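# A look at the structure
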Amino acid sequence: MALQMRDCFGCGVKMPLSERNYDQKFHASAECWSLFEEILAAEFQNPLLFGQVHQLTVDTYAVQHAGGQHPDKSVCIHLAGLCLMLESGVAPVGVPPLLQRLANRTIWPHLDPPEERASLTVYDVALADSLQTHALRVREWAEQVWQAWSPHHGVVRELIKDSSIGRNG
Ligand SMILES: [Zn+2]
């Protein structure tokens, strides 16, 4: 019997259809979301990995699953996280307090997901056979997703500047 497959709405990863349901805010298939949960569990179990990449993993996954019911506020905040880490060189563990300050805004722009998708997904991270590879893959994945969103980089930088959370802010 052939396995029935389902594409994730956000990142496009193709996985065997399961009985699972996912109806929360991210624009993700239930199968993709469960893979993300496994990645998070692996990061929570390893303090080093957690410190190095956890925030990158969360922000990258969220941004790659924009669209559908995913609120503008969430997409913008996670994009700001990527910008702070990848452009300003803020360490992943230093990002959450900055994003908390950003979250006080009341008005959020709507940013349409880019047509070009990053080719890497959470699936590529799941395939990593060591902690080192896991960390490397997350970085490559984050870079790709951030690049895919280049049409909106200007808006994201403005959000950061506006909230005075940038390095020089
Ligand atoms: Zn996905």
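In the block above lies the structure referred to throughout.
Residues numbered from 1 in each chain as written. Predicted model: local features only at pLDDT ≥ 70, side-chain atom pairs only at ≥ 80, totals over all residues. Heavy atoms only, no water.

### So, unusual backbone geometry
For S164, which is not glycine, the phi dihedral falls at a positive 50°. Mapped onto the elements, S164 comes out in the segment after α7 (153-162). (Helix = DSSP H or I, 4+ residues; strand = E, 2+ residues; numbered from the N terminus.)

### Considering the coordination of the zinc ion
Under perfect tetrahedral coordination by four donors, a metal shows angles of 109.5 degrees; under perfect octahedral coordination by six donors, it shows angles of 90 or 180 degrees. In the first shell of the zinc ion, the protein supplies C8 (SG), C11 (SG), C32 (SG) and H65 (NE2), at 2.0 to 2.3 Å from the metal. Coordination at the zinc ion is tetrahedral: its four donor atoms span angles of 103 to 115° at the metal. Spacing between the donor residues of the zinc ion along the chain follows C-x2-C-x20-C-x32-H. You can see C32 sitting in helix α1 (residues 30-45) and its partner H65 sitting in the loop between α2 (47-64) and α3 (72-86), a full 33 residues away along the chain. The exposure class of C32 is buried, given its relative accessible area of 0%. (Donors = N, O, S within 2.8 Å, 3.2 Å for Na, K, Ca; no water. Tetrahedral: all angles 85-135°; square planar, octahedral: opposite > 155°, others 65-115°. Buried < 20%, exposed > 50% of the residue type's maximum accessible area, 1.4 Å probe, protein only.)

### A closer look at the pattern of salt bridges
In total, this model carries five salt bridges according to the counting rule given. In this structure, D7 and K14 form a salt bridge, with 3.0 Å as the shortest nitrogen-oxygen distance. The shortest N-O distance in the salt bridge between R105 and D162 comes to 3.2 Å. With R105 in the loop between α4 (95-102) and α5 (122-126) and D162 in helix α7, the pair connects residues that are 57 residues apart, well separated along the chain. We classify R105 as partly exposed; its relative accessible area is 25%. (Salt bridge = Lys/Arg side-chain N within 4 Å of Asp/Glu carboxyl O.)

### Observations concerning the nonpolar core
Counting 53 residues, the largest nonpolar core has Y61, L79, L84, L102, V122 and W149 as its most contacted members. Breaking this core down by element, the ones donating at least two residues are α1, α2, α3, α4, α5, α6 (131-148) and α7. Sort the elements by how many residues they give to this core and α3 lands first, with nine residues. (Core = buried A, V, L, I, M, F, W, Y, C linked by side-chain atoms within 4.5 Å.)

### Looking at α6
For α6, which comprises 18 residues, the first-to-last C-alpha distance of 26 Å matches the rise-based estimate of 26 Å (1.5 Å per residue) to within 8%. When α6 is considered as a whole, its buried residues turn out to be H134, A135, V138, W141, A142, V145, W146 and A148. Buried residues of α6, viewed axially, fall in a sector of 150°; they line one side. With respect to the buried face of α6, the exposed residues turned more than 90 degrees away are Q132 and L136. Residues of α6 that are buried make contact with α1, α2, α3, α5 and α7. (Expected span 1.5 Å × (residues − 1). Arc of directions from axis to C-beta. Contact = heavy atoms within 4.5 Å.)

As far as function goes, none of this settles anything; it's purely spatial.
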